[in-house]
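Fold and geometry: a report
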Amino acid sequence: MKSAKIKITAAALAAAFVFTGCGNDFYVLTPDEEDAVISYASRVVAKYNTYQQDGEVFVMQEVLDGENEEEPLEEDTELTTEEDAEEEASENTEASDEREDSASDTQTADTESPETVSTISEALNLGNIQAVYAGNRLCTTYEQSDVYAVDASAGRQLLVLNVDLSNQEKQDIHIDMLQAAPTFQVIVNETEKAMAQTTILSNDLSTFQGDIKAGETKKTVLLFEIPKEIQEITGLQLKINLDGAFHMVNL
């Protein structure tokens, strides 16, 4: 205890000599005085150091090395992100090209100019059977008989096109439109378009099957659903597709 007091007193005296003076040269401490000052300073630091109880902390070299490598890791991550972005952009470009090609094909099909012919017979390639347009009518329900009827959807109406099939030969002729599978589209008043409905009507031209006797005429129909607002028919065109060949008939 006495030794400690002596050291503290020496340290105080040394500080007084160092920090006070009258213009004289700085006082040079002896080795014993330096030890006293160092011992006092270390005690003061230890007293006010809140982490003193932790003592020395060992840090592994791998941790220090990892801290130095953090920046390159961020660069690798950024590089990977850029590669992903480029790959995604490439995929989006390919998908866009596919959509454009598809749209181009659709536009080509829609704008294809069909061959204009004078009769339905020529469009359907019926040979010696004459298919003659016999007028049209508008209705909400088409009845072939009391057994079967076709109703229009709400807010719509049916456009019925009448087509007579006539056999002017001296022998019977068999017709099989179901196997030929033609499609029909009507253009009403140059603006409204509609596809023919497929029905189980025995007189449906699009699915007609049967023999037409020599000199006989079979009455058939094509049914189209159009808006109810159309009250007057001022123009009709029938677009027929048979085996990929398009024909337009002015009715």
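Structure: above.
Structural notes, computed from the coordinates. All figures in this text were calculated on a predicted structure; none of them were measured in a lab. (Residues numbered from 1 in each chain as written. Predicted model: local features only at pLDDT ≥ 70, side-chain atom pairs only at ≥ 80, totals over all residues. Heavy atoms only, no water.)

Here we look at the pattern of salt bridges
- Going through the model one piece at a time under the given rule, you end up with 3 salt bridges.
- With its nearest N and O atoms 3.8 Å apart, the salt bridge here joins R156 to E225. Note that R156 is positioned in strand β5 (residues 156–167) and E225 in strand β10 (residues 217–227), a separation of 69 residues in sequence.
- Given a relative accessible area of 27%, R156 falls into the partly exposed group.
- Note on E225: relative accessible area 17%, which makes it buried. (Salt bridge = Lys/Arg side-chain N within 4 Å of Asp/Glu carboxyl O. Helix = DSSP H or I, 4+ residues; strand = E, 2+ residues; numbered from the N terminus. Buried < 20%, exposed > 50% of the residue type's maximum accessible area, 1.4 Å probe, protein only.)

Section: the pairing of strand β11 (residues 236–242)
- Of all the 7 residues making up β11, 6 are buried; the element is thus mostly covered by neighbouring parts of the structure.
- Strand direction decides the pairing type here: strand β7 (residues 183–188) and β11, joined by 6 bridges, are antiparallel. Each residue of the ladder has a partner; that of T183, found in β11, is N241.
- Inspection of the sheet shows β11 paired to strand β12 (residues 245–250) by 6 bridges, in the antiparallel sense. Within β12, the residue paired with N241 across the bridge is F246.
- In textbook terms, the turn of a hairpin is the stretch between consecutive antiparallel strands, and for β11 and β12 this stretch comprises 2 residues, one of which, D243, has a positive phi near 55°. (Pairing = 2+ DSSP bridges.)

With respect to unusual backbone geometry
- Phi at E190 is positive, roughly 70°, even though this residue is not glycine.
- With respect to the secondary-structure elements, E190 resides in the loop between β7 and β8 (192–195).
- Even without being glycine, D243 reaches a positive phi, approximately 55°.
- Residue position: D243 is located in the loop between β11 and β12.
- Judged by relative accessible area, D243 falls into the exposed class, the value being 71%.

Description of the nonpolar core
- Ranked by size, the top nonpolar core spans 30 residues in total, and within it L165, F184, F224 and L238 carry the most contacts.
- Among the secondary structure elements, those contributing two or more residues to this core are α5 (120–124), β2 (129–139), β5, β6 (173–176), β7, β10 and β11.
- The dominant element in this core, judged by the number of residues it contributes, is β5, at 4 residues.
- Setting aside chain neighbours within four positions, we find L238 in contact with I120, L161, F184, Q185, L222, F224, H247, M248, V249 and L251.
- Counting 9 residues, the second largest nonpolar core, distinct from the first, contains A152, L158, V160 and V221. (Core = buried A, V, L, I, M, F, W, Y, C linked by side-chain atoms within 4.5 Å. Contact = heavy atoms within 4.5 Å.)

A word on the pairing of β5
- Of all 12 residues that make up β5, 10 are buried, and the element is covered over most of its length.
- Direction of pairing for β2 relative to β5: antiparallel, over a ladder of 9 bridges. Along β5, the bridge assignment pairs V132 with D164.
- Where β5 lies against β10, 11 bridges are found, and the strand directions are antiparallel. Note that in β10 the partner of L161 across the bridge is L222.

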